[in-house]
Structure formats: C-alpha cells, structure tokens
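Overview (structure and organization)
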Amino acid sequence: MSARTCLSELMGEWSSARAASAATSGPAELCLRDIETVPELFQPRAGISERHVSELVKAIKAVGVLDPVTIMVVGKRFILIDGHHRTEAYTVARWAEPVPVQYFEGSPEDALLVAGEANSKAKLPMDNTDRQNFAWRLVLIDRHSISKIARASGTSGAQVTIMRRAKRTLGEQAGDHVSWFRARLAANGKEYVHNKDDDEREQWMQQVSDRYADELTKKFSTKLALNPEIAAMALASYFGRKLPEVYGFLRGHLGEDDRRAIEVDNDDF
C-alpha cells in the first residue's frame with residue numbers, strides 16, 4: 001500500500017472516530033503488543049540503526065524504561081508516531097512490562113509532520129538521503145505546503161519545489177519511485193540500472209570498502225588493529241543483530257590456513 005493511500009485510510013478512520021467523540025488519549029502505559037507501527041508513514045529513516053538499538057538495550061537493562069514513546073489514538077488503535085528505536089529495543093531486551101507513552105491529539109496529517117521534525121532533531125538525526133526520501137514521500141502524499149514539508153524533513157524549500165516539479169513530470173508513475181534518487185533519474189529521462197554485472201558490482205564494492213577503510217584509518221590510525229578485542233567489542237556494538245551476518249562475510253576473507261588455525265584454537269577450549 002502506498003503512503004498516500006495509507007494516510008487517506010487513516011484520515012478516514014480518524015475523522016469517523018472524531019465524529020463519534022472517541023477518546024484521543026489512553027492509559028499512561030501500554031503493552032508493546034498493543035502498539036501498532038505504520039512505518040510507511042511514521043518512520044522517516046530508511047531503517048533501524050542496530051547500533052542505536054544496542055545502546056538503548058543496554059540502557060533498558062541498566063535503568064529500566066526509557067522516555068515515553070509518542071502514540072496517536074485512532075478509534076481502538078494505538079499507532080506509534082515517534083519512538084521506533086525504543087520499541088525495537090524493548091523487543092530485543094524481551095521487556096515484558098508496559099512501557100510509558102504520551103499522546104498526540106492532532107490529525108494523522110499533522111502527526112506525519114511531527115514524526116519528521118522529531119527525527120530531524122533527535123539524538124540519531126536523519127542523514128541527507130533519509131531527509132530527501134522523507135520529503136519525496138510527503139510530496140507524493142500531496143497534502144502539505146512546501147514550507148511544512150521543508151521544515152518536517154529538514155530539506156530546503158527549493159529542493160521540495162524541484163521534487164514537486166518531478167512529480168508533475170512523472171505523472172501517475174511518480175508513486176512507482178519510492179526513493180528520490182530514482183524519481184529524479186526518471187524525471188530527467190534516465191533509467192535506473194537495477195542489475196550490474198558481477199565484475200562491475202565487485203569493483204564498486206571494492207571502491208566503497210577501500211573508502212571506508214581509509215576513513216577508519218584516518219579516524220583510528222592503528223588503534224583498532226593493535227587492539228583486536230576492543231575492535232571486536234566496538235563492531236559488536238555497532239552491528240548489533242547484524243553481527244552474525246558480518247561474521248559470515250568476514251570468514252570469506254580469511255585464507256584456508258587462517259580458518260584452520262582459528263578452528264584449532266577454538267578446539268583447545
């Protein structure tokens with residue numbers, strides 16, 4: 001379901017609930033199973049940061065509940081507006097108790113802007129790609145002014161104007177492009193290449209990995225290489241639940257002799 005369709009349906013439910021004088025708030029705490037997420041609307045970032053989730057899990061285990069997450073009541077539904085990383089951390093920590101919540105009493109359209117503004121100013125702010133993709137999502141929904149979209153997404157009004165122009169150019173096909181990068185290419189008459197051949201992909205991955213390695217060297221010099229245990233702890237914190245996947249790829253970069261040596265060392269224990 002597109003974000004625009006999802007918002008239209010949610011606005012319909014919200015309007016019906018308001019007409020029936022339904023409650024706009026609820027209990028001060030909710031069980032996680034009662035909180036509904038609608039990521040296509042209220043999660044402006046491209047995804048969940050495993051490192052941030054890991055930090056929040058540590059905080060939960062150390063001090064208990066975190067700051068309240070923001071909920072909007074639509075009929076009998078409790079929809080998460082802001083706090084996706086916190087709810088994810090509660091789940092990872094196997095938190096069984098209710099969690100503190102606060103309520104947003106505006107419309108789903110207003111909540112969409114609030115979710116973007118909250119993420120732009122949060123401890124883990126959206127990067128430029130996330131900001132542009134969120135602005136493009138708001139342009140596709142076509143319910144907010146240029147200034148409101150710019151403020152909610154953290155992009156410029158000029159950028160939003162360009163996006164609106166691209167939407168007009170693409171017409172009915174605009175909604176087929178979920179990222180601004182692909183939409184911009186299409187609006188300029190360029191085709192996105194979905195599949196690179198193996199050699200091109202390998203070359204591209206090597207270039208990116210070399211750049212990351214250079215950035216790590218500039219930042220840490222030899223500190224990581226000289227302290228492998230600390231380096232491993234840092235990587236475990238950064239990758240979180242993705243660590244087993246990374247470990248699998250790392251094994252592929254070991255020579256046969258190195259793999260055998262590791263297996264022998266592990267057998268000694």
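Residues numbered from 1 in each chain as written. Predicted model: local features only at pLDDT ≥ 70, side-chain atom pairs only at ≥ 80, totals over all residues. Heavy atoms only, no water.

Considering the overall build of the chain
Within the chain, the secondary structure is distributed over 14 helices and five strands. Expressed as a percentage of its 269 residues, the buried residues of the chain come to 34%. Expressed as a percentage of contacts within the chain between residues at least 6 apart in sequence, the contacts between residues at least 24 apart total 72%. Entry remark: accessible area of the chain is about 17000 Å², with carbon and sulfur atoms responsible for 52%. (Helix = DSSP H or I, 4+ residues; strand = E, 2+ residues; numbered from the N terminus. Buried < 20%, exposed > 50% of the residue type's maximum accessible area, 1.4 Å probe, protein only. Contact = heavy atoms within 4.5 Å. Areas by Shrake-Rupley, 256 points an atom, 1.4 Å probe, with all protein chains shown as cover.)

Considerations on the packing of aromatic side chains
Going through the model one piece at a time under the given rule, you end up with three aromatic pairs. Ring geometry for Tyr90 versus Trp95: centroids 6.0 Å apart, planes at 45°, classification tilted. With a centroid separation of 4.9 Å and 90° between ring planes, the pair formed by Tyr238 and Phe239 is classed as edge-to-face. (Phe/Tyr/Trp six-rings, centres within 6.5 Å; stacked < 30°, edge-to-face > 60°.)

Regarding the layout of surface pockets
Taken as a whole, the second largest pocket holds about 470 Å³ of empty space. Lining the second largest pocket are 21 residues, with Ala3, Trp136, Arg137, Leu140 and Val178 positioned closest to its centre. Secondary-structure elements contributing two or more residues to the lining of the second largest pocket are helix 1 (3–19) and helix 6 (128–141). Examining the composition of the lining of the second largest pocket, we find that six residues originate from one element, helix 6, more than from any other. In the lining of the second largest pocket, the residues fall into nine nonpolar, five polar and seven charged. (1 Å grid on protein atoms, 1.4 Å probe; cavity = no way out; pocket = protein on both sides within 12 Å on 5 of 7 lines; lining within 4 Å. Points joined across faces, edges and corners; volume = space filled by probe spheres on them. Nonpolar A, V, L, I, M, F, W, Y, C, P; charged D, E, K, R; others polar.)

Examining empty space enclosed by the protein
One pass over the structure, following the stated rule, counts one cavity of 30 Å³ or more. Taken as a whole, the largest cavity encloses approximately 40 Å³ of empty space. Taken together, Trp14, Ala17, Arg18, Ala22, Ala23, Thr24, Val73 and Gly75 form the lining of the largest cavity. At three residues, the largest contribution of residues to the lining of the largest cavity is made by helix 1. Looking at side-chain class alone, the lining of the largest cavity contains five nonpolar, two polar and one charged residues.

Focus on the sheet that holds strand 1 (residues 29–30)
Strands sit in the order 1-5-3-4-2 across an open sheet of five strands; the sheet is mixed. Among the strands making up the open sheet, the edge pair consists of strand 1 and strand 2 (35–36). Both strand 1 and strand 5 (residues 99–104) contribute to a ladder of two bridges, which runs antiparallel. Residue pairing across strands places Leu30 opposite Val99, the latter belonging to strand 5. Against the sheet, helix 1 touches strand 3 (69–74) and strand 4 (77–82), its axis set at about 70° to strand 3. Here helix 4 (residues 84–92) sits on the sheet in contact with strand 3, strand 4 and strand 5, set at roughly 115° to strand 4. (Pairing = 2+ DSSP bridges. Axes fitted to C-alpha atoms, helices over the stretch in contact; angles between N-to-C directions.)

A few points about the pairing of strand 5
With five of six residues buried, strand 5 lies mostly within the body of the structure. Summarising the sheet, strand 3 and strand 5 pair through four bridges and their orientation is parallel. The residue bridging Val69 from the neighbouring strand is Val101, located in strand 5.

Quick word on the pattern of salt bridges
Pairing between side chains of opposite charge can happen when their charged atoms approach one another. Within the structure shown, the criterion is met by six salt bridges. With its nearest N and O atoms 2.6 Å apart, the salt bridge here joins Arg77 to Glu36. Here Arg77 is found in strand 4, whereas its partner Glu36 is found in strand 2, with 41 residues between them in sequence. Judged by relative accessible area, which is 29%, Glu36 ranks as partly exposed. Note that Arg86 is salt-bridged to Asp82, the shortest N-O span being 3.2 Å. For Arg86, a relative accessible area of 18% puts it in the buried group. Residues participating in the shared-partner salt-bridge network are Glu13, Glu36 and Arg77. (Salt bridge = Lys/Arg side-chain N within 4 Å of Asp/Glu carboxyl O.)

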